[in-house]
Each structure stands twice: as structure tokens, then as C-alpha cells.
Amino acid sequence: MVGGDVRGFGELEGVVMQHLWAAEGGATVREVYEQMRQDRQIAYTTVLSTIHNLHRKGRLTREREGKAHRYRATASRAEYSATVMREVLSSGGDSEAILSHFVGQMSEEESQRLQELLRRQAGEARA
Amino acid sequence: MSLAVCLLGYGFAVAVFAPDVLLRATHSGCAPRMGIRLWVLAIGSVLVAWIAAVVLAAIDLLLARGDLGQVLAGCVAILHAAVTGAHGTPVQVGLAALAVLVVAGLVVLAARLGGALDRTRRHTHRHADAARLVGRWDHALGAVVVDAPDRLAYAVAGRPHTIVLSRATVDALDEPHLQAVLAHERAHLAGRHHLLLAIIRALAATMPRITLFTAGNRELSRLLEMRADDAAAREHGRRTLAEALLVLSTGSTLPPRALAAAGTAVADRAERLMFPPAPEQVRATRLRLGLAAIALLIGPLLALAQSGLCDAVISI
């Protein structure tokens, strides 16, 4: 699975992070692997490289524990959530993330116009 | 004409460099009156330079009775002579300095643009990453579902591209409507709209004085939404998409400003979907746009070719 579907890889990072967030005091690669193995077919090397990636991106810190490392998330899930939500609400300024929203809040006039359109369409459907 | 070119170059250099220099100087507010004079001087000199450039060029053209090639040839000849010292060293040095400033100005603009684009790319990818971490991947939908009180549905480019829905959205829509929304977002990603938006946004941010860029930014956002609407409607039906639009926009707490660049004039889009324009209207619009395209491209090309500009440049 290593080097396979990129989309799958992105999903793996999420799953790994969930485990690390849930683990009090962090976890080693082996511990995460053991947990993930219960839900899916996965190779140890896959878990290892996923955790390495997350560490490289700064999502995890680590400290040596004997021969292995113990990994911890750099920010709590709530903090990540807050960051994501903040960006969702504020995006649109220059050189910030480009999010293609499906739709957002309507102004009062737009709301009225929409009601009008609906009435019109209902009327035409009847005719 | 050569003077007009120099004035243009001067105006450009001031427009690029003066703001930063002046801002640093007047920021502290120590000498406001002088600061005011400096700003007015800078703005005024740019305006005067450009107006003078246009007027001089027009005069030259009139005197040459519209022979653009002759005017430009003369201009190039004079500049050439001045640069090689025929009009004295001060002029030579001045021209060299001006040339350096203009080139430097272009480099600075390019660097600003590049910086803005890079920042946008990094922020966008980072958001995609974070959304994937915070949410749960829904394999059936092919999207990440996040816990949020608002009815969110958006696409964000990244490695890989990601569509984000909030739990509220998934709860509010049934399967056909969800699929329509997803199709709309996938159309954005497939059409690489984020790239186009990133470029035009960077241009509008770097050169906000140029209305073509700022207005273009707004309009492109609007039109890209409509294009994604069309793609989704083809697959899932106009009515379904319009209904999804209505459901998700009621009870949304996203502030209008957040979507300013996304340009979601919801009522416009809904109207378009519910009452599509008549074929004659579409044809008429296409005709208008086609003519505009011809005017943009062919006009200047014909004028230049006809005026023998190419010969003038080659003869140097």
C-alpha cells in the first residue's frame, strides 16, 4: 500500500492522528500499528512512513524511548478544528487559502428574490 | 516620442517604488504636512508623466500624419543616439539609471506576484491537510466530513484535492442533492478553478489600482461558480442543484465577506438554474463576447502590421 493511491494516503494520516490524539502520553509506531491492525489490513512500514510524514510536516513531536520514538501531536484536535473553522470563515482575503464554497449566507434582498423565484416556478409548474 | 517613452518609464518606476519608500518615511507621523506634500508630489508626478507621455505621443503621431512606423523609428533612433552618448554624458547616465529602475520595477512586481502565489498555495494546501486530519473521510461520498454547526460544503486544492462537507450539510441533504453538490465541487477541482482564482487574486492584490484585475477577480469568481453549476446540473439536473442551493444557503452563518472572492450571488445562480436563459439570449451574448475578443486581438495587430513597425525595428 506504500506509494499507492494518494487519496488513501491522505486518509491514513487522518486515522493515525485520531489514534495519537486518543492516546494519552503519545504512542510509538508499534502501538499505533497494533491498534490500526484491528480495523484494517495494513503494513507496519505504511504506518511508519505515515507517522514520519506527519512528523516532517510538524504535526507530531517525538522523544526517544529506548530504541523507538514516542510520538505526540503538536496541537490538540480542538485546536486544529478551530484553525480550520477560522480559515473557512475568513477565507477570501489575499494570499489566504482558496476555498471554493458551494454557497453561503444570503443577503436580505437575495432571500426575497429567491422566494419570488420559487413562487414563479411553482406558478409555472401549475400552468 | 522618445520623451514619451522616458516619461512612461519614469511614471512606472515611481509607481512601483515610491509607495514603500514613502510609507516607511511618513509612517511615524512626525512631519505630517511634509508627508502630505511628498505623497501628493509622487502621485501628481506620476499622473503628469503619464498624461504628458500620452499627449506627446499623440502630437508625434499627428505630426507624422499617422505613420506609426516612422514615429517609432524616430523614437528608437533618438534613444539609441542618447544612450551612446550623442547628447552628452548626463543624458546617457540618466537614461541608464531610468532603464535600471524600470527593469528593477518589473522584477519587483514579478517577485511580489510570485510571493503572493506561493503564499496562497501554501495556505491552501495546509488547509486541505488540516481539514483531512480534523474530519472523517467518508468513502461513499468521497469527501471529508467535519463537525461544524454550519452547513459547509467546499472544495480545497491540495495533495490530494479535498472536498469538505460539514455534518450539518450531510444531514440537511438527501442523496441526490448531496451528489449534485459534490459534482459542483468536483467540477471546480477538475477545472483547476483554484489556479485561475489564485492568479487573478494575486494580480488584484499586487496591482489593485488596475480595475481590470480587481473587477476581473470578482467576475471570474462569479462565472466560475456558474460554470461549476452547469457541470453539476448536466449530471444531476438543474432543479436538484437549485434546491440544494436553497437548502444550504438558508441557515448558513458564513459572513458574506468570506465569500466575496467566491462570488456566490445565490439568487443569480438559482434564477439561472430555475429559469435558464433563452437560446436567443445565449446566442446574442456569445456574439458580443466573440466581437470583443476580435477587437482585443485583431485591432492592435492590424494597426501595428499596417504601420510598418516591424520594418522600423528591424532597420536599427
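Throughout this description, residue numbers start from 1 for each chain and increase along the sequence as written. Each chain takes a letter, starting from A, and each ligand takes a number, starting from 1, following the order in which they are written. Given that this is a predicted model, residues contribute local features only at a pLDDT of at least 70 and side-chain atom pairs are listed and counted only at 80 or more, while totals for whole chains, interfaces and linings are drawn from all residues. The basis for the side-chain values is all heavy atoms of the structure; hydrogens and waters are excluded.

Caption draft 1: Here's a closer look at the overall build of chain A. Secondary structure counts use DSSP, requiring at least four H or I residues in a row for a helix and at least two E residues in a row for a strand, with both numbered from the N terminus. From N to C terminus, chain A includes five helices and three strands. For chain A, the accessible area works out to roughly 7200 Å², and carbon and sulfur atoms hold 48% of it. We get accessible surface area from the Shrake-Rupley algorithm with a probe of 1.4 Å; when it comes to residues, only the shown protein chains can shield them.

Caption draft 2: Representation of the packing of helix H9 (residues 238-249) of chain B against helix H10 (residues 266-274) of chain B within the structure. Residues and elements named next belong to chain B. Relative to each other, H9 and H10 sit at 160°, their axes nearing to 8 Å. It follows from the interaxial angle that H9 and H10 lie roughly antiparallel. The way H9 lies across H10 gives a crossing that is left-handed. Touching Arg238, Leu241, Ala242, Leu245 and Ser249 of H9 are Val266, Arg269, Ala270, Arg272, Leu273 and Met274, all from H10. Gly is put with the polar residues, along with every residue not named as nonpolar or charged; the nonpolar set is Ala, Val, Leu, Ile, Met, Phe, Trp, Tyr, Cys and Pro, and the charged set is Asp, Glu, Lys and Arg. For the contact of H9 with H10, the per-class residue count stands at seven nonpolar, one polar and three charged. Fitted lines through C-alpha atoms serve as axes, helices being fitted only where they are in contact, and the angles separating the N-to-C directions of these axes extend from 0 to 180 degrees. An angle counts as roughly parallel when it lies under 35 degrees, as roughly antiparallel when it exceeds 145, as roughly perpendicular when it falls between 65 and 115, and as oblique in every other case. For any helix crossing, the convention is left-handed if the near helix is rotated counterclockwise from the far helix by under a right angle, and right-handed if that rotation is clockwise. By the convention used here, residues are in contact when the closest approach between their heavy atoms is within 4.5 Å.

Caption draft 3: Spatial organisation of the confidence of the model for chain A. Per-residue confidence for chain A averages 81 on the pLDDT scale, and 84% of its residues sit at or above 70. The quantity called pLDDT is the predictor's confidence in a given residue, expressed from 0 to 100. Scored below 50 in pLDDT, residues 1-7 of chain A shows eight contacts in the model against residues more than four places distant or in partner chains.

Caption draft 4: Main features of the sheet that holds strand S4 (residues 162-166) of chain B. Across the sheet, which stays open at both edges, the five strands sit in the order S3(A)-S3(B)-S4(B)-S2(B)-S1(B) with mixed pairing between neighbours. Unpaired on one side and paired on the other, strand S3 (99-101) of chain A together with strand S1 (136-138) of chain B mark the two borders of the sheet. Between one strand axis and the next, the sheet turns by 30° as a mean value, whatever way the strands run. Bridge count between S3(A) and strand S3 (residues 153-156) of chain B: three bridges; the pairing is antiparallel. Note on S3(B): the bridge partner recorded for A:His101 is B:Tyr154. In the packing of helix H4 (residues 89-134) of chain B onto the sheet, contacts are made with S3 of chain A together with S1, strand S2 (143-146), S3 and S4 of chain B, and the angle to S3(B) comes to roughly 125°. Two strands are said to pair when DSSP picks up at least two bridges between them.

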